Amino acid sequence: MLDPQLKRLKLDKYRQLLKVAFGHTPPFAFCDTAGQALWTSDGPPDQGIGAILAALPDADAPWLTQANGSLRQQLDNGDLLLFERLDTRAELAWLAVLITAAQAEPELPPVSTEALRSLAACIKDEYHLNYELNCLSRELEQRNEELNLVYRLDELPRSQDDLPAGLRTLLGQVTTYVGADVATLVLLDRPAPIHAVNPESEVPDLDLLLTELRSNVFRFISSSKQTLILNHGDEPARRYLMPHMPYKFLASPILDGQEVQGVLVLVRRPDALDFLASDRNLAEVIADHVGVTLRNQDALETVRKFGDQLAGVLIEAVEAKDPYTAGHSERVQRVSVHIGRALGLVRSDLEDLFWGSMLHDIGKIGIPDVILTKPGSLTGDEFTFIQTHAQQSYEILRHVEHLRPAALEAIRYHHEHFDGKGYPAKLAGTKIPLHARIIAVADTYDAMTSSCSYRPTTSHEAAIKEITRVAGTQLDPDIVRAFSSACRTDLALRDYLWSQDPPPSG
Ligand SMILES: [Fe+2]
């Protein structure tokens, strides 16, 4: 195979130098350590000087008998092959020049021999310079890829739900970069390892391998708290760590202080390259970063639970004022999110919808119980008073940083009507924020189908009929359609509605 360094040599320059030294440009070649031409000046390597070099009997080949310096080989036809050693380590070993018998007569001038030596020194220098540059370039490329991989660690998802998928993607990138067949995270609080297989690898006994990693290897690293590399089959630790498999592996602990949260394991086939110190360094960086991410996730989860519990307490406090509204907020939230999904909302919108619908009536905490629980119809003043709850909900919650503007607007405008006759701002049509229009549908449905002190519970069909009747005046007709359709096709929504007490009929 042609040495890639050879391609980078400025060969035309050497043609000129040979012409100056010999008075013409003789055929010349670059040979490997076995004397085979890698490149020839007069055609393909198997023709011309290349064919002559290939035909030399091994016993006479000078490179087999002498390692350094200048050599000459007289051919049977009187032609002369001059050799100059280029390098003793690299693939490129010799410069060979063919001088025909006629041109060699009566004898080559000494200047030619000297010129050839200088020329070989020039080629050697340039070759080495290119070689060094190439090594540096490869090193730089490797560092760059390593950095990219470390940067990608920062892209790990912040949500607990997305974390396994994010870790799996990261492990996939690690297998490609490190050249591992499998990369696995065995985590203390997860029953099954998260793993990725290199797309170019086949691991037929993967399940058995993961079982071994999850048991003996995990226990050992949990105890030693140190990175372990096992490259060879005869290493003593293999007998009790992975007795049934010949794989090479590198295992790094994921530490939380002195506690092991998990183990990152990289696996290679027995015929693959050994794991090196550079692989160990990178694995330890990845394991550290995964550890930080897991700890952040735990902290976030704690804060999230605390927030959820606080919201639950607030909602309970409101619903306790009127026993007939118990569970209203959660039901409106469940139905709203189903409508949001039916409308194709993205995850962040669904989150806003979740919080907006869950907290939409928080402002009722400031409405006197006597109005909230009054059986029968309200007076004008009472209705005016109760209308303030939407704005009041907004005022209470607007300082909560976790709630984004879309959630707050949904809360504030959930009593607007599509025809502009609602409250508090008399917004109309699509001027009403989308989330608020969704909550309005879910809120209206739940108000009709749940128990109430002053009117009988409406059936599911009657409620659908009623919200369809007010579509275009009170409610957004597109959202009413989406809800009606979801009630027929969204099995999870149907299960939820039908699980309520009393269940919708039909
Ligand atoms: Fe409300």
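Placed above this text is the structure.
Residues numbered from 1 in each chain as written. Predicted model: local features only at pLDDT ≥ 70, side-chain atom pairs only at ≥ 80, totals over all residues. Heavy atoms only, no water.

1. Examining the pairing of strand E3 (residues 70-74)
- Taking every second residue as pointing to the same face, the buried face of E3 carries Leu-71 and Gln-73, while none of Ser-70, Arg-72 and Gln-74 on the other face is buried.
- Here E3 runs beside strand E4 (residues 80-85); their pairing, made up of five bridges, is antiparallel. Paired with Leu-71 across the strands is Phe-83, a residue of E4.
- Between E3 and E4, which pair antiparallel in sequence order, lie five residues; one of them, Gly-78, sits at a positive phi of approximately 95 degrees. (Buried < 20%, exposed > 50% of the residue type's maximum accessible area, 1.4 Å probe, protein only. Helix = DSSP H or I, 4+ residues; strand = E, 2+ residues; numbered from the N terminus. Pairing = 2+ DSSP bridges.)

2. Structural notes on the coordination of the iron ion
- The iron ion binds to the protein through Asp-361 (OD), His-389 (NE2), His-414 (NE2) and His-415 (NE2); the donor distances cover 2.2 to 2.4 Å.
- Each of the four donor atoms bound to the iron ion contributes to angles spanning 82 to 168 degrees, and the resulting shape is irregular.
- Between consecutive donors of the iron ion, the numbers of intervening residues give the motif D-x27-H-x24-H-H. In this pair, His-389 is assigned in helix H14 (residues 380-397) and His-414 in the loop between helix H15 (405-412) and helix H16 (434-449), connecting sequence segments 25 residues apart. (Donors = N, O, S within 2.8 Å, 3.2 Å for Na, K, Ca; no water. Tetrahedral: all angles 85-135°; square planar, octahedral: opposite > 155°, others 65-115°.)

3. Notes on the side chain of Arg-331
- One can find Arg-331 in helix H11 (residues 328-342).
- When its relative accessible area of 15% is taken as the criterion, Arg-331 is described as buried.
- Those residues within four positions of Arg-331 in sequence are excluded, and the remaining contacts are Ala-326, Asp-446, Ser-450, Tyr-496 and Gln-500. (Contact = heavy atoms within 4.5 Å.)

4. What to know about the sheet that holds strand E5 (residues 94-99)
- Pairing is antiparallel across the open sheet formed by five strands, whose spatial order is E2-E1-E5-E4-E3. Only two strands of the sheet have a single partner each, and these edge strands are strand E2 (37-40) and E3. Ignoring strand direction, the axes of neighbouring strands in this sheet form an average angle of 25 degrees.
- Of the pairings in the sheet, the one linking strand E1 (residues 28-31) to E2 comprises three bridges and is antiparallel in character. Across the sheet, the residue bridging to Phe-30 is Trp-39, located in E2.
- In the packing of helix H2 (residues 11-22) onto the sheet, contacts are made with E1, E2, E4 and E5, and the angle to E1 comes to roughly 125 degrees. (Axes fitted to C-alpha atoms, helices over the stretch in contact; angles between N-to-C directions.)

5. Comments concerning the packing of H16 against helix H17 (residues 460-469)
- Where H16 meets H17, the closest approach of the two axes is 9 Å, and the angle between their N-to-C directions is 140 degrees. Between H16 and H17, the interaxial angle falls into the category oblique. The two elements H16 and H17 cross, and the hand of that crossing is right-handed. Along its contact with H16, which presents Val-441, Thr-444, Tyr-445, Met-448 and Thr-449, the element H17 presents His-460, Ala-463, Ile-464, Glu-466 and Ile-467.
- Residues that form the contact of H16 with H17 fall into these classes: six nonpolar, three polar and one charged. (Parallel < 35°, antiparallel > 145°, perpendicular 65-115°, else oblique. Left-handed = near helix turned anticlockwise from the far one by under 90°. Nonpolar A, V, L, I, M, F, W, Y, C, P; charged D, E, K, R; others polar.)

6. Here we look at the packing of aromatic side chains
- Tallied over the full model, the rule gives seven aromatic pairs.
- Both rings, one in Phe-28 and one in Phe-30, keep their centres 6.2 Å apart while their planes meet at 85 degrees; by these two values the pair is edge-to-face. Here Phe-28 matches Phe-30 in class, with each residue buried.
- Over the face of the ring belonging to Phe-275 we find Arg-268, whose NZ or CZ atom lies 4.1 Å from the ring centre.
- Here the guanidinium or amino end of Arg-494 rests over the ring plane of Trp-498, the centre of that ring lying 4.8 Å away. (Phe/Tyr/Trp six-rings, centres within 6.5 Å; stacked < 30°, edge-to-face > 60°. Lys NZ or Arg CZ within 6 Å of the ring centre and 35° of its normal.)

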